[in-house]
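Close look at the chain arrangement
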Amino acid sequence: MAIPNGNRGGRPQKKSNAPRNNGRGPRPAGAPAAQPKPKVTEDEDGEGTIEMDGVVVGVYVGTQFRVRVANGHEFLAHISGKMRKRFIRLVVGDRVRIEVSPYDLEKARIVFRLN
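First things first, this report covers the structure right here in the doc. (Residues numbered from 1 in each chain as written. Predicted model: local features only at pLDDT ≥ 70, side-chain atom pairs only at ≥ 80, totals over all residues. Heavy atoms only, no water.)

Quick word on unusual backbone geometry
Rule in force here: Here a strand is any run of E in DSSP of at least two residues, a helix any run of H or I of at least four, and the numbering for each starts at the N terminus.
Positive phi values are uncommon outside glycine, yet T63 reaches one of about 50 degrees. Take T63: it is sitting in the loop between β2 (48-60) and β3 (64-69). Phi at F87 takes a positive value of approximately 55 degrees, unusual for a residue other than glycine. Secondary-structure assignment places F87 in the loop between α1 (81-85) and β5 (95-100).

Quick look at the structure:
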């Protein structure tokens, strides 16, 4: 049995108006640059964490910080244990790497100072 026009179903095929390159052409002038994708890793207990880079925008008591990531979202973050142990100091404007739990997307842990 021959299949007419390569159509396996009962409906006729529709032509799409979408661009042939699936939108991967040159970025229009003034368009925002692509955001860096967060890296998802698994902890030793099998739980997944989301790693992102951000900038410290606020310092609070109790070694807590307000961190803003590239997409504009802000997290309330605390310093990880190894950073406390090594007396790593953070000030406003420092670039940091944070880990976010998928269960609470408002809080984070600062695991590395980038600059």
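A look at the side chain of E51
In plain terms, the rule: In this analysis, two residues are considered to be in contact whenever any of their non-hydrogen atoms come within 4.5 Å of each other.
Tracing the sequence through the fold places E51 in strand β2. Once residues within four sequence positions are removed from consideration, E51 is found in contact with P38, K39, T41, R97, I98 and E99.

So, the pattern of salt bridges
Formally: Any Lys or Arg side-chain nitrogen found within 4 Å of a carboxyl oxygen on Asp or Glu counts as a salt bridge. When accessible area is computed with a 1.4 Å probe and restricted to protein chains, residues below 20% of their type maximum are described as buried, those above 50% as exposed, and intermediate ones as partly exposed.
By the definition in use, this model includes four salt bridges. Note that E74 is salt-bridged to R68, the shortest N-O span being 2.4 Å. Between R109 and E99 there is a salt bridge; the shortest N-O distance is 2.7 Å. One end of the pair, R109, is in strand β6 (residues 107-113); the other, E99, is in strand β5, with ten residues separating them in the sequence. The class for R109 is partly exposed, based on a relative accessible area of 34%.

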